[in-house]
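# Summary of the model geometry
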Amino acid sequence: MSLGIYFIVALILSFLGTVPIGLITLTITQKTIQNGRQSGIMIAIGATVMEFIYTYVALISLDFFSKSTIISDYIKIFSTVVFFSLGIYFLWKKSNATLKATSEYDYFDFLRGITVGMMNMLIVPFWIFLGIWLESNGMFFKNKGDILIFSIGAAIGALIAFFGYILLSEYIVSKTKEIDRYTNKVVGLIFLGLGIFQMTQLF
């Protein structure tokens, strides 16, 4: 199977998996609304780095992870705690007085992207599940070159979805100046919803 197919399949699957609202996309949306496009871009790039790393780790360890349900359970528990903690934080957080559709950002946004990407450990079981499914359909991950190209495709697919959220955030800012009053509350409630959903996966 050609490297091009590995790249395209990874890009499509990663894009589709990133489109639903999650930890990273919520962070990108909030920071873009508050600080402008450059802030969202830097966070997206940082998160994309972790997307690549987690995808690569998941695929080179596919056999080990697929046989270890304990590790998968720990990842789910950690994700549940993260979602509930962030939900409570955003519900209590005071909103800013104004919104800015500017290019203001600080150089820590890239590190924020790395951090939020590291917290999104669900990427690992996501690619383990899909990796097993793909291998059952003839796409194997025994060659490190195939894994590398697949991981690059996954990272780029996620980055495309992240940029979609950035553009959507800018559209929201251009349409209303009152959105900041509700942003933190909405983000908090979504995180709590994700936490509840993730908790149901433990039982």
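Scroll up to find the structure.
A short tour of the structure in this document, coming up.

Conventions used here
Residues numbered from 1 in each chain as written. Predicted model: local features only at pLDDT ≥ 70, side-chain atom pairs only at ≥ 80, totals over all residues. Heavy atoms only, no water. Helix = DSSP H or I, 4+ residues; strand = E, 2+ residues; numbered from the N terminus. Buried < 20%, exposed > 50% of the residue type's maximum accessible area, 1.4 Å probe, protein only. Salt bridge = Lys/Arg side-chain N within 4 Å of Asp/Glu carboxyl O. Contact = heavy atoms within 4.5 Å. Expected span 1.5 Å × (residues − 1).

Another aspect to go through is the environment of G195. Mapped onto the fold, G195 is located in helix α9 (residues 180–200). With a relative accessible area of 0%, G195 lands in the buried category.

This structure, assessed with the given rule, holds two salt bridges. The partner of R37 in a salt bridge is E170, and the shortest N-O contact between them spans 2.7 Å. Note that R37 is positioned in helix α3 (residues 37–60) and E170 in helix α8 (residues 144–175), a separation of 133 residues in sequence. Classification of R37 as partly exposed rests on a relative accessible area of 40%. We classify E170 as partly exposed; its relative accessible area is 24%. Here D109 makes a salt bridge to R112, at a shortest N to O gap of 2.5 Å. Pair noted here: D109 and R112 are both in helix α6 (residues 109–119), with a separation of three residues, about one helical turn. Note on D109: relative accessible area 1%, which makes it buried.

Here we come to the side chain of T48. Structurally, T48 can be placed in helix α3. Looking at T48, the relative accessible area reads 10%, which means it is buried. In this structure T48 touches A155, L159 and F162, once residues within four positions along its chain are discounted.

On to helix α7 (residues 123–136). Along its 14 residues, α7 runs 20 Å from first to last C-alpha, staying within 8% of the 20 Å computed at 1.5 Å per residue. Residues I123, V124, W127, I128, L130, G131, L134 and E135 constitute the buried set of α7. Phi for G138, located one or two positions after α7, is positive at around 95°.

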